2 protein chains.
Amino acid sequence: MAGGDKPYHHGNLRETLLETAFRLVDSDGVDAISMRALAREAGVSSAAPFRHFADKQVLLDAVAEEAAAELERKLDEATAECSDALTQFRAMTVAYVRFAAEHPALFDLIHSTESVSRRFLGEVKDERRLKLIALIYEGQNAGLIPEADPELIALTSEALTHGLARMIVDRHPRVRNLSSEDARKLALAATHLLQTGIGLS
Amino acid sequence: MAGGDKPYHHGNLRETLLETAFRLVDSDGVDAISMRALAREAGVSSAAPFRHFADKQVLLDAVAEEAAAELERKLDEATAECSDALTQFRAMTVAYVRFAAEHPALFDLIHSTESVSRRFLGEVKDERRLKLIALIYEGQNAGLIPEADPELIALTSEALTHGLARMIVDRHPRVRNLSSEDARKLALAATHLLQTGIGLS
DNA sequence: ATCAAGTGTTAGCACTGCTAACATCGGGAT
DNA sequence: ATCCCGATGTTAGCAGTGCTAACACTTGAT
């Protein structure tokens with residue numbers, strides 16, 4: 001058999017496109033991808049991708065979803081080995097900032113993709129927020145945390161984490177060119193400071 | 001004279017393009033602008049804009065610069081009527097978040113434009129950070145603020161502010177569909193919480 | 001008056017997202 | 001076994017994009 005003759009049907013174009021797009025976004029940013037280029041890369045005609053993704057945005061949504069899942073996995077890994085809730089929270093913050101530092105384009109895509117942002121941040125992260133709020137209640141009952149609205153305290157923590165991550169992604173001068181190890185230290189220091197301030201420790 | 005005959009030269013194409021682009025980004029987002037559309041809008045041929053802006057990115061840089069200046073103006077206005085440094089800091093935070101809530105696309109553009117981000121955040125905001133750090137030193141000398149690295153404390157405050165703004169721009173579920181009045185309250189509450197925690201008040 | 005610089009024009013290239021019409025394959029009902 | 005139909009591929013082409021080259025007009029300094 002002359003092995004070179006590829007079959008009429010690709011086999012699993014959808015996943016191939018998704019993986020290629022994921023890699024490309026991660027390395028070169030979201031603007032670097034084009035349907036036609038993806039098609040070429042997969043050795044397929046320029047119209048083929050549209051059999052699997054209604055339009056470019058749908059493809060990007062799918063990539064964002066994948067990226068969100070990856071982030072989620074990293075967060076799970078990070079918290080898995082922590083015993084108490086407080087250390088879990090710290091580990092999560094560090095992992096979040098670290099992901100942003102290591103995959104800025106993916107991080108950006110996740111948050112700029114309306115549908116995914118809604119689903120991921122809405123559903124998945126809600127249980128984490130509930131955990132956090134539970135922890136805050138706990139702390140308040142023990143008299144360790146001031147009697148401010150727990151939702152507000154949770155939101156403040158999230159804002160700090162997201163802000164740190166964003167400053168890195170946006171290449172804010174103060175935080176530019178940080179190794180992910182530096183990012184880790186910074187996240188740890190900032191959250192520690194916040195927690196010390198708020199009274200978590 | 002038959003008034004309709006427009007002259008060969010537009011007169012001030014550059015500024016017209018800039019203004020139109022600014023308005024369009026603000027209302028419809030950065031993806032809504034195209035050189036050709038801007039040219040049409042200005043009643044000029046599609047190649048004309050390139051006499052004034054080497055490429056699209058340069059045009060966007062200029063818009064971002066304008067937006068950054070606008071933000072700066074808002075921050076100045078906000079702090080102008082405040083006496084003590086602490087109230088100034090709070091007002092600045094509120095104004096920053098408010099700008100993000102009211103002009104998400106411009107806010108986004110500012111931070112995604114490498115050159116402007118470097119200049120604006122690097123130069124202009126540096127003096128504000130110095131002010132903030134001075135305030136923190138003051139607080140530490142008076143024993144009101146724990147002896148953590150002032151730079152770190154300043155960075156933490158900035159991260160919180162930027163994070164809040166970003167959560168709004170990114171339409172994070174928790175802060176979605178916020179009126180700018182709500183944004184004001186939220187920013188105030190969060191910074192107050194942070195300051196209370198850190199010991200600024 | 002002339003000439004160079006500045007600013008506009010047209011035409012066109014290479015690329016993009018996307019669609020329509022047609023081709024091919026594979027698997028389930030007959 | 002055959003038919004056929006849906007899934008998935010193809011080619012051709014439209015409208016739009018950023019950008020460039022070659023040319024035209026205007027204006028101000030010499």
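Residues numbered from 1 in each chain as written. Chains lettered and ligands numbered in written order. Predicted model: local features only at pLDDT ≥ 70, side-chain atom pairs only at ≥ 80, totals over all residues. Heavy atoms only, no water.

## What about the overall build of chain A?
Just so we agree on the cut-off: Elements are defined by DSSP. Helices are runs of H or I of four residues or more, strands are runs of E of two residues or more, and each kind is numbered from the N terminus. Each residue gets one of three labels from its accessible area relative to the maximum for its type: buried under 20%, exposed over 50%, partly exposed in between, using a 1.4 Å probe on protein chains only. Residue contacts are defined here by distance: any two heavy atoms, one from each residue, within 4.5 Å place the two residues in contact. Reported accessibility uses the Shrake-Rupley method at a 1.4 Å probe radius. Residues are deemed covered only where the shown protein chains occlude them.
When its secondary structure is counted, chain A shows 8 helices and 0 strands. Sequence-ordered secondary structure for chain A, helices as α and strands as β, is α-α-α-α-α-α-α-α. In chain A, buried positions account for 50% of the 201 residues. Put simply, 65% of the contacts in chain A that link residues at least 6 apart link residues at least 24 apart. Of the roughly 10000 Å² of accessible surface on chain A, 51% is carried by carbon and sulfur atoms.

## Some remarks on the packing of aromatic side chains
Residue and element names in this part refer to chain A. Cut-off, in case you're wondering: Here the aromatic set is Phe, Tyr and Trp, taking the six-membered ring for Trp, and pairing holds for ring centres within 6.5 Å; pairs whose planes are under 30 degrees apart are stacked, those over 60 apart are edge-to-face, and all others are tilted.
In the structure shown here, the tally under the stated rule is 2 aromatic pairs over all chains. Considering the side-chain rings of Tyr96 and Phe107, the 5.5 Å spacing of their centres and the 80° angle between planes classify their relative orientation as edge-to-face. Pair noted here: Tyr96 is in helix α4 (residues 85–102) and Phe107 is in helix α5 (residues 104–112), with a separation of 11 residues, a long-range link. Tyr96 sits in the buried class, given a relative accessible area of 5%. A residue is classified by how much of its surface remains accessible, and Phe107, at 0% relative accessible area, is buried.

## Re the protein's contact with DNA strand D
Here is the rule: Nearness is judged by heavy atoms alone; a residue qualifies as near a molecule or strand once a single heavy atom is within 4 Å of it. Polar contacts, as used here, are pairs of N or O atoms within 3.5 Å; protein pairs need one atom able to donate a hydrogen and one able to accept it. Residues neighboring in sequence count only if both atoms are side-chain atoms. Residues are sorted three ways: Asp, Glu, Lys and Arg are charged, Ala, Val, Leu, Ile, Met, Phe, Trp, Tyr, Cys and Pro are nonpolar, and all the rest, Gly among them, are polar.
Inspection of the region around DNA strand D gives 23 residues, with Ser45, Arg51 and His52 of chain A together with Arg36 and Lys56 of chain B positioned closest. Here DNA strand D approaches the protein such that, of its atoms within 4 Å, sugar and phosphate make up 51%. Contact distances for DNA strand D include 3.0 Å between a phosphate oxygen and a backbone N or O atom of Met35 of chain B. Arg51 of chain B has a polar side-chain atom sitting 3.0 Å from a base nitrogen of DNA strand D. Looking at the surface near DNA strand D element by element, the count peaks at 3 residues for helix α2 (residues 35–41) of chain B. When the residues that make up the surface near DNA strand D are grouped by side-chain class, the tally is 9 nonpolar, 7 polar and 7 charged.

## Structural notes on the relation of the copies chain A and chain B
In this structure, two copies of a chain are linked by a rotation about an axis accompanied by a shift along it. We apply this condition: For this overlay, a least-squares fit was computed on C-alpha atoms, restricted to residues scoring pLDDT of at least 70 in both copies.
The transformation that overlays chain A on chain B combines an axial shift of 0.0 Å with a rotation of 180°, and the residual RMSD is 0.1 Å. In the structure described here, the two chain copies are related by an operation that fits a two-fold rotation axis. A share of 100% of the interface residues of chain A reappears at the interface of chain B, consistent with the copies meeting face to face through the same patch.

## Examining the interface of chain A and chain B
Stated formally: The term buried area refers to how much accessible surface (probe radius 1.4 Å) is lost by two components on association, counted for both of them together. Just to be clear on terms, a salt bridge is a Lys or Arg side-chain nitrogen sitting within 4 Å of an Asp or Glu carboxyl oxygen.
At the junction of the two partners, chain A supplies 36 residues and chain B supplies 36 residues. Of the roughly 3200 Å² buried at the junction of chain A and chain B (both faces included), carbon and sulfur atoms supply 66%. On the surface where chain A and chain B come into contact, there are 2 salt bridges. Put simply, Asp170 of chain A and Arg166 of chain B hold a salt bridge, and the shortest N to O gap is 3.3 Å. Applying the counting criterion to the chain A and chain B interface returns 4 residue pairs in polar contact (both at pLDDT 80 or more). Mapped by element, the contributors of at least two residues to the side of chain A that touches chain B are α6 (114–141), α7 (150–169) and α8 (180–198) of chain A. Looking at the side of chain A that touches chain B element by element, the count peaks at 13 residues for α7 of chain A. Here the residues of the side of chain A that touches chain B sort into 17 nonpolar, 8 polar and 11 charged.

## A word on the packing of α5 of chain A against α7 of chain A
Residue and element names in this part refer to chain A. Rules: Angles here are taken between N-to-C directions and fall from 0 to 180 degrees, while the axes themselves are lines fitted to C-alpha atoms, restricted in helices to the stretch in contact. Here is the rule for angles: anything less than 35 degrees is roughly parallel, anything more than 145 is roughly antiparallel, 65 through 115 is roughly perpendicular, and the remaining ranges are oblique. Should the near helix be turned anticlockwise from the far one by less than a right angle, the crossing is left-handed, and should it be turned clockwise, the crossing is right-handed.
It is at 10 Å that the axes of α5 and α7 come closest, and there the two elements cross at 125°. Taken together, the axes of α5 and α7 lie oblique to each other. Crossing hand, α5 versus α7: left-handed. Contacts between α5 and α7 involve Pro104, Phe107, Asp108 and His111 from the former and His162, Ala165, Arg166 and Val169 from the latter. Of the residues assigned to the contact of α5 with α7, the class counts are 4 nonpolar, 2 polar and 2 charged.

## Notes on the pattern of salt bridges
Residue and element names in this part refer to chain B. Per the counting criterion, the structure on display carries 12 salt bridges over all chains. Residues Arg73 and Glu70 are paired through a salt bridge, measuring 2.4 Å at the closest nitrogen-oxygen approach. Taken as a pair, Arg73 and Glu70 lie in helix α3 (residues 56–80) at a separation of 3 residues, close to a single helical turn. Looking at Glu70, the relative accessible area reads 22%, which means it is partly exposed.

## A few points about the environment of Glu102 of chain A
Residue and element names in this part refer to chain A. Within the secondary structure, Glu102 is located in helix α4. Judged by its relative accessible area of 37%, Glu102 falls in the partly exposed class. For Glu102 and Val169, which are 67 residues apart along the polypeptide, the C-alpha to C-alpha distance reads 9.1 Å. Setting aside residues no more than four positions away along its own chain, Glu102 makes contact with Asp26 and Ser180.

## Some words on the nonpolar core
Selection criterion: Here, nonpolar core means buried Ala, Val, Leu, Ile, Met, Phe, Trp, Tyr and Cys residues that are tied together by side-chain atoms lying within 4.5 Å of each other.
In terms of nonpolar packing, the biggest core is built from 46 residues, with Leu164 of chain A together with Leu164 of chain B touching the most fellow members. Looking at this core, the elements that each hand over two or more residues are α4, α6, α7 and α8 of chain A together with α4 (85–102), α6 (114–141), α7 (150–169) and α8 (180–198) of chain B. When neighbours within four sequence positions are excluded, Leu164 of chain A is seen to be in contact with Val97, Leu186, Ala187 and Ala190 of chain A together with Ala159 of chain B.

## Some thoughts on helix α1 (residues 13–28) of chain A
All names here are of chain A. Stated precisely, the cut-off is as follows: What a helix should span is 1.5 Å times the count of its residues minus one.
Across its 16 residues, α1 extends 22 Å between first and last C-alpha, which sits within 8% of the 22 Å expected from 1.5 Å per residue. Taken residue by residue, α1 has Leu13, Leu17, Leu18, Thr20, Ala21, Phe22 and Val25 as its buried positions. With its phi angle positive at about 90°, Gly29 sits one or two positions after the end of α1.

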